[in-house]
Amino acid sequence: MYRALTAVTLAAGLLLTASAAYAQHDPGRKRDTASAERERSIGSAAKESKPTCRGERCAGLDPIAQGCHHDGRTTYRLTTRYGHLERRYSRACDASWARITRSTPETWFYVQTCYDSYVSTYRVPGGYDDAYTDMVPGSRGIRVGDRHRHGPC
């Protein structure tokens, strides 16, 4: 198990350093509890807007800024010692992202496509315990994880 986790971690690290497209988000960019609450409270209070991207065009973009959170739903949950991870999916955008709750500042987590080369990582900013990643295209073969565990593809 340890050897497999190490291999996955090393592979993810290589993907992140291989391309500027997979660089970590600017730590000054805040994704906080308020953002997660906005994403959760998309019911009647939120005004529906047409998403601005779809599929591969959503890769690396913010799901809230693109309007993909309006129909976003949780398709997988994973609890680790670093927090509660969710894989979120928008049918309108055909894109997925990871959300973490009940975490701590500086916790690293990610969403990745298992059979393509899309990865989106994020660190929970200082002073916050909830955050979410940018999107990767599609809904099949999508994994979420942190340094401790990851979900299946």
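1. Considering the overall build of the protein chain
Now for step 1: Within the protein chain, the secondary structure is distributed over two helices and eight strands.
Now for step 2: When the helices and strands of the protein chain are placed in sequence order, the string is α-α-β-β-β-β-β-β-β-β.
Now for step 3: Looking at the protein chain alone, contacts between residues at least 24 apart form 59% of all its contacts between residues at least 6 apart.
Now for step 4: Accessible surface, the protein chain as shown: approximately 8,200 Å² in total, 52% of it carbon and sulfur.

2. Here we look at the confidence of the model for the protein chain
Now for step 1: For the protein chain, per-residue confidence averages 77 on the pLDDT scale, and 69% of positions sit at 70 or higher.
Now for step 2: For the protein chain, helix H1 (residues 2–18) is the element with the lowest average pLDDT, namely 38, and strand S3 (residues 95–101) is the one with the highest, namely 97.
Now for step 3: Low pLDDT, under 50, characterises residues 1–47; the predicted model gives this stretch 67 contacts beyond four residues in sequence or across chains.

3. Concerning the environment of Cys-68
Now for step 1: If you trace the backbone, Cys-68 turns up in the loop between helix H2 (33–40) and strand S1 (73–80).
Now for step 2: For Cys-68, a relative accessible area of 0% translates into the label buried.
Now for step 3: Considering only alpha carbons, one finds Cys-68 and Ser-90, 22 residues apart in sequence, at a separation of 5.8 Å.

4. A short note on the pairing of strand S4 (residues 108–113)
Now for step 1: In terms of burial, S4 is largely enclosed, as six of its six residues are buried.
Now for step 2: Across the two faces of S4 the burial is the same, with Trp-108, Tyr-110 and Gln-112 and Phe-109, Val-111 and Thr-113 all buried.
Now for step 3: Two strands pair when backbone bridges link them, and S4 and strand S5 (residues 119–123) are joined in this way by five bridges, in the antiparallel orientation. Bridging from a neighbouring strand, Trp-108 pairs with Arg-123 of S5.
Now for step 4: Hairpin connection of S4 to S5: five residues between the antiparallel strands.
Now for step 5: Sheet topology note: the S4/strand S8 (residues 142–146) ladder contains five bridges and is antiparallel. Along S8, the bridge assignment pairs Thr-113 with Ile-142.

5. Some details on the sheet that holds S4
Now for step 1: Strands sit in the order S5-S4-S8 across an open sheet of three strands; the sheet is antiparallel. The open sheet is flanked by S5 and S8, the only strands paired with a single partner. Between one strand axis and the next, the sheet turns through 15° on average, direction left out of account.

6. Re the packing of aromatic side chains
Now for step 1: Inspection of every chain in the model, using the stated rule, returns two aromatic pairs.
Now for step 2: Between Trp-108 and Tyr-110, the ring centres sit 5.3 Å apart and the planes meet at 40°, which makes this aromatic pair tilted.
Now for step 3: Judged by relative accessible area, which is 3%, Tyr-110 ranks as buried.
Now for step 4: Between the aromatic rings of Phe-109 and Tyr-122, the centroid separation amounts to 6.2 Å while the plane-to-plane angle is 80°, which identifies the pairing as edge-to-face. Taken together, the residues span a long stretch of sequence, with Phe-109 in strand S4 and Tyr-122 in strand S5 at a distance of 13 residues. For the residue pair Phe-109 and Tyr-122, the accessibility class agrees, reading buried in each case.

7. Some remarks on unusual backbone geometry
Now for step 1: The phi dihedral of Arg-102 falls on the positive side, at around 50°, and the residue is not glycine.
Now for step 2: The topology assignment puts Arg-102 in the loop between S3 and S4.
Now for step 3: A residue is classified by how much of its surface remains accessible, and Arg-102, at 65% relative accessible area, is exposed.
Now for step 4: In this model, Glu-106 sits at a positive phi of 75°, which is unusual for a non-glycine residue.
Now for step 5: With respect to the helices and strands, the residue Glu-106 is situated in the loop between S3 and S4.
Now for step 6: Glu-106 gets classed as partly exposed once you look at its relative accessible area, which sits at 48%.

The rules behind the values
Residues numbered from 1 in each chain as written. Predicted model: local features only at pLDDT ≥ 70, side-chain atom pairs only at ≥ 80, totals over all residues. Heavy atoms only, no water. Helix = DSSP H or I, 4+ residues; strand = E, 2+ residues; numbered from the N terminus. Contact = heavy atoms within 4.5 Å. Areas by Shrake-Rupley, 256 points an atom, 1.4 Å probe, with all protein chains shown as cover. pLDDT = per-residue confidence, 0-100. Buried < 20%, exposed > 50% of the residue type's maximum accessible area, 1.4 Å probe, protein only. Pairing = 2+ DSSP bridges. Axes fitted to C-alpha atoms, helices over the stretch in contact; angles between N-to-C directions. Phe/Tyr/Trp six-rings, centres within 6.5 Å; stacked < 30°, edge-to-face > 60°.

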